[in-house]
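Inside the fold
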Amino acid sequence: MRSDKPSKWQRTAYCGEIRLEHADKEVTLFGWVHRLRDMGNLVFIDLRDREGVVQVVVPSDGGALLDEAKKIKMENVLAVQGRVKKREEGSRNPHLPTGEVEVVAKKLKVLSVSRVPPFVIDDPPQATEELRFKYRYMDMRRPSMQRNIKIRHQAALNIRNFMGENGFLEIETPFLTKSTPEGARDYLVPSREYKGRFYALPQSPQIFKQILMISGFDRYFQIVRCFRDEDLRADRQPEFTQIDIEMSFVEQEDIFSLVEGMMTSVFKVIGVEVNFPFARFTYEESLEKFGTDKPDLRSEAEIKDLTEIGLKIDSSVFRNVLSSGGVLKGLVVENKGALSRSQLDKIDQKAKEHGGKGIIWIKKQNGFKSSLKLEIKDFSLIWENLKGKEEDLVLLIADERSKALKILGEIRREFVLQQEENKRSFKFAWVTDFPLFELSEEEKRLLSMHHPFTSPYEADLEFLEEEPLRVKAKAYDLVLNGVEIGGGSIRIHDLEVQKRIFSILGLDQKEAEEKFGFFLEALSYGTPPHGGIALGFDRIVMILAGEESIRDVIPFPKTTSALCLLTGSPAEVDLKQLEELGLKKTKD
């Protein structure tokens, strides 16, 4: 058997598309050898392409073809011509979509020979992440990766069609732009023509999309690459993709309606019907009910305030905390009353790891049992207020408000994630009315909670300079299953308000001109009211695909230390290149 390219061979179907209706038809297939089983008088080849796997059989009367088939190796690229045959009842594979048929080979061609693969191409992955990233082209042959990249394509196509149908224009914005303070560190690109000066890769197209509104393109979107030089984790990458949207002459409701329609459309890619309108909570409501501004609504459990109840209970634990301004918060965990003491001790330890004093648990099985000694009437008072059932577990925290909410929020989240039935359930929520500013303890100054172009509520403008932390923003996040998948706001379209915001953030007039002069000038030429949102495309695809990390839905991801193991980047460059850029390498 020789290794060459097919000249007259033309694919008639993908391997994974062969079905019972193709029985008795002649097919030409191309793919990779997934498995080979030499039975002596028969050879079975599992042939794999992007659509799946089909079984190819080289029969006992194959003669020279059978001899050649025995020499084929794993991951060789193969061309097959043969007839589709219905499998016998006992030999069908119910685990494969193609399992009712097989292809009886008449001709085989090895188009390319593979070295011994560095790991087995199969699901779940048979190698470390580092090895898979080094040989990413091999890793992406896995069926789950082929499926994930296909879902990514389908989601992007769906979004583009939806946005086009709703009157949006996809407009590209620059990748080489100006470094502006937007939160994370910029990736900088030195200029060869203008030595000592730098472009920055955009953290988002924020300013450009607002300028597009000033330009009269009142409905813009873009599926765009963005770049942030920041510490990484499972849902972060130095380069990522977002669905960027901006609209003129709109209020929050218009943006909510648009995005809910888009999400409903996108989730049809995996056959899921999304219910809308989505739930809504203000930032404060979300913290109070769920202990986080990223609520996971796959559980109906809510944190309840028991501070007033705690004042009526004769307990030094409660009394000491509440008398110093603390709170008592409670959470009912359904059907967890049977947890063992060691399991409850782990929950208590988790609370302490988050900076709390510990957790108080109460059960009601054959009478009240608890980690805190109380009167029966006090247990009953707590239980009745939380509406607990016999099989439930009640968790209490007496502590500072922020700590109590955070700890119960984390515990609630862990219990939600442990429930198997939640893995293919999708619950969206809008979180609104964020504070406009937050105080950075590290930098000892005010920062924008979202970004400096977010509009405050008109009623709060009078507090901007004197009580900035009191000001609420027309900002909103979209949360899915406890994951923030998007954030946006109504923008500032008044030049004077924008200048006031820059001033509060510590930018004097000169610095504001240096950093944002072009944008401030644009605002002075008739800016329409506008707003928008940026949605994390990688995160959305991750959830669609049922993966835990965006790295599993990005074709060529970086590691958690921002390395590309495939190409070996970042890498050293030639000293001549540095000289051309006006740069010198310093000693380590």
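As a starting point, this report considers the structure included with it. Since this is a predicted model, take the numbers as computed values, not measurements. Residue numbers here run from 1 along each chain, matching the order of that chain's written sequence. Since the coordinates come from a predicted model, pLDDT governs what is reported: local features require at least 70, and pairs of side-chain atoms require 80 or more to be given and counted, while whole-chain, interface and lining totals use all residues. Only hydrogens and water are set aside; all other atoms, that is, all heavy atoms of the structure, feed into the side-chain values.

Next up on the list: unusual backbone geometry. Cis geometry is found at the peptide bond from Asp-123 to Pro-124, where omega equals -5°. Secondary structure elements follow DSSP: runs of H or I no shorter than four residues count as helices, runs of E no shorter than two count as strands, and numbering proceeds from the N terminus. Structurally, Pro-124 can be placed in the loop between β5 (101–112) and α2 (129–134). Here the amide bond leading from Phe-276 into Pro-277 is cis, since omega sits at 5°, within 30 degrees of zero. Along the chain, the position of Pro-277 falls in the loop between α6 (252–266) and β11 (279–282). In this structure, Asp-24 takes a positive phi of about 75° despite not being glycine. With respect to the helices and strands, the residue Asp-24 is situated in the segment before β1 (26–38). The classification of residues rests on relative accessible area computed with a 1.4 Å probe and restricted to protein chains. Under 20% of the type maximum is buried, over 50% is exposed, and intermediate values are partly exposed. For Asp-24, a relative accessible area of 57% translates into the label exposed. Of note, the phi angle at Glu-75 is positive, near 70°, even though the residue is not glycine. For Glu-75, the location among the structural elements is in the loop between α1 (64–69) and β4 (77–86).

As a further point, take the nonpolar core. In these notes, a set of buried Ala, Val, Leu, Ile, Met, Phe, Trp, Tyr and Cys residues joined through side-chain atoms within 4.5 Å is what counts as a nonpolar core. Among the nonpolar cores identified, the biggest contains 44 residues, and Ile-245, Met-262, Met-263 and Phe-267 are the most heavily contacted of them. Not counting chain neighbours up to four residues away, the residues in contact with Ile-245 comprise Met-163, Phe-168, Lys-209, Tyr-220, Phe-221, Leu-258, Met-262, Arg-491, Gly-532, Ile-533 and Leu-535. Judged by nonpolar contacts, the second largest core, of 24 residues, contains Leu-29, Ala-69, Ile-72 and Val-84. Throughout, a contact is declared for two residues whenever any of their heavy atoms are within 4.5 Å.

Further remarks concern the pairing of strand β16 (residues 393–399). Most of β16 sits inside the fold, with 7 of its 7 residues counted as buried. Neither face of β16 is left uncovered, since the one carrying Leu-393, Leu-395, Ile-397 and Asp-399 and the one carrying Val-394, Leu-396 and Ala-398 both have all their residues buried. In short, DSSP must find at least two bridges between two strands for them to pair. Alignment of strand β13 (residues 327–333) against β16, held across 7 bridges, turns out to be antiparallel. By the bridge assignment, Val-332 is partnered in β16 with Val-394. For strand β14 (residues 360–364) and β16, the ladder comprises 4 bridges, and the chain directions are antiparallel. Looking across to β16, one finds that Lys-363 is bridged to Leu-393.

Counted as salt bridges are all cases of a side-chain nitrogen of Lys or Arg within 4 Å of a carboxyl oxygen of Asp or Glu. Scanning all chains against the criterion turns up 47 salt bridges. Arg-35 is the salt-bridge partner of Asp-122, the closest N and O atoms lying 2.6 Å from each other. Taken as a pair, Asp-122 in the loop between β5 and α2 and Arg-35 in strand β1 lie far apart in primary sequence, 87 residues in all. Judged by its relative accessible area of 19%, Asp-122 is buried. Asp-399 is the partner of Lys-357 in a salt bridge, and the nearest nitrogen-oxygen pair spans 3.2 Å. Within this pair, whereas Lys-357 is found in the loop between α10 (341–353) and β14, its partner Asp-399 is found in strand β16, the two being separated by 42 residues in sequence. A relative accessible area of 58% places Lys-357 in the exposed class. Shared partners join several salt bridges into a network, and the residues in it are Asp-123, Arg-132, Arg-136, Asp-139 and Arg-142.

Patches in this entry comprise residues that are over 30% relatively accessible and not in a salt bridge; like charges within 9 Å are linked, as are nonpolar side chains (Val, Leu, Ile, Met, Phe, Trp, Tyr) within 5 Å. In short, Shrake-Rupley with a 1.4 Å probe defines the accessible areas, and a residue's cover is counted only from the protein chains shown. Taken together, the side chains of Tyr-137, Phe-556 and Leu-566 present a nonpolar region at the surface, about 290 Å² in accessible area. For Phe-556, the location among the structural elements is in the loop between α15 (537–545) and α16 (575–580).

Strand order in the closed barrel formed by 5 strands is β1-β2-β3-β5-β4, and the pairing between neighbours is mixed. When the angles between neighbouring strand axes are averaged without regard to direction, this sheet yields 55°. As judged from the 10 bridges shared by β4 and β5, these two strands associate in the antiparallel manner. Following the sheet pairing, Gln-81 is matched in β5 by Lys-107. Orientation is described by lines fitted to C-alpha atoms, with helices fitted over the stretch in contact, and by angles between N-to-C directions that extend from 0 to 180 degrees.

What follows deals with helix α11 (residues 376–386). Among all positions of α11, only Asp-378, Phe-379, Ile-382, Trp-383 and Leu-386 are buried. Seen end-on, α11 carries its buried residues on one side only, within an arc spanning 130°. Along α11, exposed side chains directed more than 90 degrees from the buried face belong to Ile-376, Lys-377 and Glu-384. Positioned one or two residues after α11, Lys-387 has a phi angle of 55°, which is positive. The directions considered for the arc are those from the helix axis to the C-beta atoms.

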